[in-house]
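Report on the structure
As a plain string of letters, each chain reads:
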Amino acid sequence: MKNDNVKSKMEKCARERLWCSFSIPYTLYPTPSTKGFTLVETLIAITVLLTAVVGPLTIASRGLISASFARDQVSAFYLAQEAIEIIRNKRDNNALSGFLWLSGLEDCIGKSCIVDGTTDIDDQSTIEPCAIPCPVLREDTESGLYGYNSLWTPSRFTRTVYMTEISPTEANISVTISWSNGPLSKTFTVSENILDWQ
């Protein structure tokens, strides 16, 4: 009822071209600040939304990178340990066969060599010198084995074995595994001493 009265007064002033003074109720013409969001409110809302979306995505991305690095590091450790075990096995077979304890390992003493565990250890091609850098290990995608078979898929790992004769009855084996994961290059080294127990 009150709104109708105000409207009739406004219409009368407009017809007669009079200057009229009266109050307009709030419900008839809302103020501009209640029509929508201001620019500042919109920018704050977008910032909060971006933070809520980008934060978890960043955490998930870093988690995937860490998991990939951990997987590669475990593989590198096993590949290094495999080379040490092959050399130990060669030393043990030499002792059982009555050969000199480092027989067949001469290619690794004082120089870089490759050790391939996918062929028979008595085959001379399993332990041979390599130029630096040594060739990339290859992976058999069916069995998951690593070696130097030219038919297998090249892997991201390179294994370099280096032996140093410390004394006539002791030698040091140093196995370095290097790999690249995107722009990052990583290196992992395992070192162990072996003894002539004959």
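Structure report, in brief. Quick caveat: nothing in here was measured; it's all calculated off a predicted structure.

A separate point is the state of the cysteines. Each disulfide consists of a covalent bond between the sulfur atoms of two cysteine residues. In the structure shown here, the tally under the stated rule is two disulfides. Two residues share a disulfide in this structure: cysteine 108 and cysteine 113, whose sulfurs sit 1.7 Å from each other. Disulfide cysteine 108-cysteine 113: the torsion about the S-S bond is 95°, which places it as right-handed. One exposure class covers both cysteine 108 and cysteine 113, and it is buried. A sulfur-sulfur distance of 1.7 Å marks the disulfide that ties cysteine 130 to cysteine 134. You can call cysteine 130 buried: its relative accessible area is 16%. Among the residues examined, cysteine 134 registers a relative accessible area of 5% and is labelled buried.

Another point: the packing of aromatic side chains. Taken as a whole and assessed by the stated rule, the structure comprises five aromatic pairs. Pairing phenylalanine 77 with phenylalanine 188 gives two aromatic rings, centres 6.1 Å apart and planes at 85°, and the pair type is edge-to-face. Remark: phenylalanine 188 occurs in strand E7 (residues 184-195) and phenylalanine 77 occurs in helix H2 (residues 39-97); sequence separation between them is 111 residues. With a relative accessible area of 35%, phenylalanine 77 lands in the partly exposed category. Among the aromatic residues, those joined into a cluster by ring pairs are Phe69, Tyr146, Phe157 and Trp179.

This part takes up the pairing of strand E1 (residues 112-115). Of the two faces of E1, the one holding Ser112 and Ile114 and the one holding Cys113 and Val115 are both buried throughout. Across two bridges, the pairing between E1 and strand E5 (residues 153-167) is antiparallel. What sits directly across from serine 112, in E5, is tyrosine 162. The pairing of E1 with strand E2 (residues 127-129) spans three bridges and is classified as antiparallel. Following the sheet pairing, valine 115 is matched in E2 by isoleucine 127.

The rules we used
- Each residue is numbered by its place in its chain's sequence as written, counting from 1.
- Two thresholds apply to this predicted model, a pLDDT of at least 70 for residue-level local features and 80 or more for giving and counting side-chain atom pairs, whereas whole-chain, interface and lining totals are computed over all residues.
- Where side-chain values are given, they derive from all heavy atoms of the structure, hydrogens and water being excluded.
- Sulfur atoms of two cysteines make up a disulfide when they are within 2.5 Å.
- A 1.4 Å probe rolled over the protein chains alone gives each residue an accessible area, and that area as a share of the maximum for its type sets the label: buried under 20%, exposed over 50%, partly exposed in between.
- Side-chain rings of Phe, Tyr and Trp, where Trp is taken by its six-membered ring, are said to pair if the distance between their centres is within 6.5 Å; with planes under 30 degrees apart they count as stacked, over 60 as edge-to-face, and otherwise as tilted.
- Helix and strand labels come from DSSP, where a helix needs a run of H or I of at least four residues and a strand needs a run of E of at least two; each type is numbered from the N terminus.
- By the convention used here, strands pair only if DSSP detects at least 2 bridges between them.

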